[in-house]
Structures are given as C-alpha cells and as structure tokens.
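# A structural walkthrough
Below are the chains, spelled out letter by letter.
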Amino acid sequence: MRLLHTSDWHLGRAFHRVNMLGAQAEFIAHLVTTARERGVDAVVVSGDVYDRAVPPLAAVELFDDALHRLADLGVPTVMISGNHDSARRLGVGAGLIGRAGIHLKTEPSACGTPVVLADQHGDVAFYGLPYLEPALVKDEFGVDKPAHETVLAAAMERVRADLAARPPGTRSVVLAHAFVTGGEPSDSERDITVGGVASVPAGIFDGVDYTALGHLHGSQTITERVRYSGSPLPYSFSEADHRKTMWLVDLGADGSLEAERIDCPVPRALARVRGRLDDLLADPELARHEEAWVEATLTDPVRPADPMARLSERFPHTLSLAFDPERAPEEPDTSYARRLAGRSEEQIAEDFVAHVRGAGPDPHEQTVLRDAFDAVRADEAVREVAR
C-alpha cells in the first residue's frame, strides 16, 4: 500500500505578516497532483490542519476545497487533530464526511478503533491518535499522572489490543501528534511541555509498521518506522535550512517499508543574514538572497539610521530586523532578549524567583511552578474548545 504522509498545514497562518493562503492553496494542489500521479492508495495528515482553534473563513474554505478534491480523486484520507486544532470543531460531521472516504479522527476515546483499508495483500489498520492534552484525557485513559508519555502509552495499549484481535498479517499505521525524543524542534511549534517534559520515547510506538508523526516542522526520520513529515511551508526563520517535503511510503505485504521524500512547492527562499548594515548592503556574496524573505541581524555598535528602509533597497522582502550590537569582550551582554533566548516559561519564572529572593526555588517550589504552568495550559485548551 502506498501512503502519502503530510502534517502541520497550519491553514490560516501568516509568515511575518505575509499572507500564506496562496502558498497553502498551491501546496494542496501539489498534494492532490502527487496523489494522482504517484498512484497513492491513502493520504495521512498528522494534525495541525489549522493554525488555531477558530480559523479564519478563508482557511476553512481552503480545507473544504482540499477535502472535495481528495474525495473526487477517490483516495482515502485519514486525518487527526493537532495541538493547534480544536478537535471538536475539526471533527464536526466526521461520520458523514467519512462516507466520502475522508476519515477525521479527533476523539481520544476512538484511538483503538481504526480505519481499515485493504489492498491486494490484505488489510491495513490506520489508528488515529489526535493530540492528547494530558490534563484533559487522563480520566479517559485511566492514568494517575497526567503526562505525555503516560497518556500516549495508554492510547497505544488500546491500539495493540485491537491489532492483536485482527487476522494475522494485518498491517498497521499510527498517526500521532507529539514531540518524540530525538526530534529537532524549530521556533514555530507551540510548546507542549507538561510536568517539565515535552517529549516521549520512540519506543512507545513499537510493534507498528509505520508511525506518521506531526508537530515538529522539520522532516525527520526518528527510526526507520517512525517519521515526521514536517510542515509543507516554513513558518519561522529557524526553518531556513529545512527541505520541505512529504513522505511517500510503500508498505509491503510483509510490513517492509520504503520511503521517499517528495518536495513541496517553495513560495520564496528564506535567508538569515548577519553583520553591520554597510557590510550587508555591499557584500556581493549576499546577492543570492536579494529575492528571498530575509531576517537581518545588525551588529553595528550604534544603531544606524533608517535600517529597514536601507535594507529593503537591496533586500525588498526583508521581514524581520533584529539588533545584536558588537561588544568588547569585557562588556556584559545586557540584551534582555538574549538572556531569555532558548529558555522556557518555567525557567524564566525560576530566574525571577532567584532575582527577587537571591536564591532559586527549591524542589517543592519548582513543582508548584510547574503545576501552575500546566494548569494554565490545560485551562487554555478548555477555553479554546468552549469558544
């Protein structure tokens, strides 16, 4: 069976104020063309279809167009909801839409109930594990500690139990939206840390022929059978070096697997440039970036006049401008942004405690802070569903 694995469309999302809807529509057209021309038997979409719980109308219309085109093509499609989606909204009408071959798997309680497709070698069971917010699904899965690993492990127990009851030789595909250990994040994914832990081990998915992951925006191979497709478009300059692709996966009769990366359309290249303003404007090596979307970091000791206007004369698609002045070795790095770079909200809170008290939080206080951030995240998830 030939699968086309994609995820993280983030329909409705902009890139530094640039409307990406046209590029997203171009990607959808490319996906449909690839499915037709490469003889795809099933499309899997591993979450974050939309960029937010209540997407703009134009994004909903594009999603509707994608569903119609895939249904018209006659290619079965399995989708799950991600942490950016409202699972309940995305799943509205799932039963009716399923009759057209578009299977929306958004209910945590249905993790062990697969979509079963068949080829000449027998059945392939597709299990959809939507994003599982631990605090909201712990009762469904009967876990004492709400953590990513515990709820995903419980969901996979249901998958394995169902698979064990099926005829021998039934092949299996799991769609999941999670941060798996070994994956490389970018700046454009929403933090899903719970209890101080964001990632889960790849071994959770052992025993499955293929795990189609979503959440991380870079295409990655965690193991031969556990892969991220990545987002089809860039959503931060940290993705400047990404090759945006989908996975074309051939699942053999015996569960053997071959995978090929299919490139996605590139609306415009990304470039990150750094240096003094006059140097950036004169460097001939940067000519290749003149038509790219540009993130510029200026290192001038004194902020130059009209930097964006001057940069835009050479790089008309400059979208982001930052300042990181050169300093003498003995000068302290006083940039607030630099001090916060790469630190989680919990770490910033701990730094604040250390600043006002002279000592950081003890283990008990760290637990209190962690629980507070987890409670806020769970409350935000509930509010998004209730909107």
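Scroll up to find the structure.
On a predicted model such as this, the values are computed, not experimentally measured, just so you know.

Glancing now at the overall build of the protein. Helix and strand counts for the protein come out as 11 helices and 19 strands. For a compact globule of 387 residues, the expected C-alpha radius of gyration is about 21 Å, and the protein comes in at 23 Å, within 12% of that figure. A principal-axis box enclosing the C-alpha atoms of the protein has dimensions of 70 × 55 × 40 Å. Out of the 387 residues in the protein, the part that is buried amounts to 49%. Entry remark: accessible area of the protein is about 18,200 Å², with carbon and sulfur atoms responsible for 51%. Counting 40 positive and 61 negative side-chain charges, the protein places the averaged centre of each group 2 Å from the other.

Before going further, it helps to spend a moment on the packing of helix H1 (residues 21-37) against helix H2 (residues 57-73). Remark: H1 packs on H2, axes separated minimally by 10 Å, with the N-to-C direction vectors making an angle of 10°. Considering their axes alone, H1 and H2 lie roughly parallel with respect to each other. The segment H1 lies against H2, with Leu21, Gln24, Ala25, Ile28, Ala29, Leu31, Val32, Ala35 and Arg36 engaging Ala58, Ala59, Leu62, Ala66, Arg69, Leu70 and Leu73.

Considering the arrangement of structural elements, one finds Phe179 in strand E10 (residues 179-180). On the accessibility criterion, Phe179 (17% relative accessible area) is buried. Residues Phe179 and Arg310, spaced 131 residues apart in sequence, show a C-alpha to C-alpha distance of 41 Å. Beyond its immediate sequence surroundings of up to four residues, Phe179 is in contact with Pro185, Ile192, Ala198, Ser199, Val200, His215, Leu216 and Tyr228.

Looking now at the sheet that holds strand E1 (residues 2-6). Across the sheet, six strands lie side by side as E6-E5-E4-E1-E15-E16; this open sheet has mixed pairing. In this open sheet, the two edge strands, each paired with only one partner strand, are strand E6 (102-105) and strand E16 (257-263). Across this sheet, the average inter-strand angle for adjacent strands is 20°, counted without regard to direction. Where H1 meets the sheet, it contacts E1, strand E4 (42-46), strand E15 (245-251) and E16, and its direction lies at approximately 170° from that of E1.

This next bit is on the pairing of strand E12 (residues 210-214). The buried fraction of E12 is high, at five of five residues. Alternating positions in E12 separate into two faces, Tyr210, Ala212 and Gly214 on one and Thr211 and Leu213 on the other, with burial throughout. The sheet contact formed by strand E9 (residues 171-177) and E12 spans five bridges and is parallel. By the bridge assignment for E12, Leu175 is matched with Ala212. Strand direction decides the pairing type here: E12 and strand E14 (residues 226-228), joined by three bridges, are parallel. Bridge pairing in E14 places Thr211 opposite Val226.

All right, on to H1 then. An α-helical turn contains 3.6 residues, so a residue and the one three or four places further along point in the same direction. With 17 residues, H1 should cover 24 Å at 1.5 Å per step; its first-to-last C-alpha distance of 24 Å lies within 8% of that length. Of the surrounding elements, those touching the buried residues of H1 are E1, E4, H2, E15 and E16. Phi for Gly39, located one or two positions after H1, is positive at around 65°.

Compared with an ideal rise of 1.5 Å per residue, which puts 17 residues at 24 Å, helix H6 (residues 148-164) spans 24 Å between its outermost C-alpha atoms and is within 8% of the ideal. When H6 is considered as a whole, its buried residues turn out to be His148, Val151, Leu152, Ala154, Ala155, Met156, Val159, Asp162 and Leu163.

Our next topic: the sheet that holds strand E13 (residues 220-223). The six strands lie next to each other as E7-E8-E9-E12-E14-E13, forming an open sheet whose pairing is mixed. The open sheet has two edge strands, strand E7 (115-119) and E13, and neither has a second partner. Direction aside, neighbouring strands of the sheet carry axes that sit 20° apart on average. Bridge count for strand E8 (residues 122-129) against E9 is six bridges, and the pairing is parallel.

Scoring rules and cut-offs
Residues numbered from 1 in each chain as written. Predicted model: local features only at pLDDT ≥ 70, side-chain atom pairs only at ≥ 80, totals over all residues. Heavy atoms only, no water. Helix = DSSP H or I, 4+ residues; strand = E, 2+ residues; numbered from the N terminus. Rg over C-alpha atoms; globule rule 2.2 N^0.38 Å. Buried < 20%, exposed > 50% of the residue type's maximum accessible area, 1.4 Å probe, protein only. Areas by Shrake-Rupley, 256 points an atom, 1.4 Å probe, with all protein chains shown as cover. Lys, Arg positive; Asp, Glu negative; His and termini not counted. Charge placed at Lys NZ, Arg CZ, Asp CG, Glu CD. Axes fitted to C-alpha atoms, helices over the stretch in contact; angles between N-to-C directions. Parallel < 35°, antiparallel > 145°, perpendicular 65-115°, else oblique. Contact = heavy atoms within 4.5 Å. Pairing = 2+ DSSP bridges. Expected span 1.5 Å × (residues − 1).

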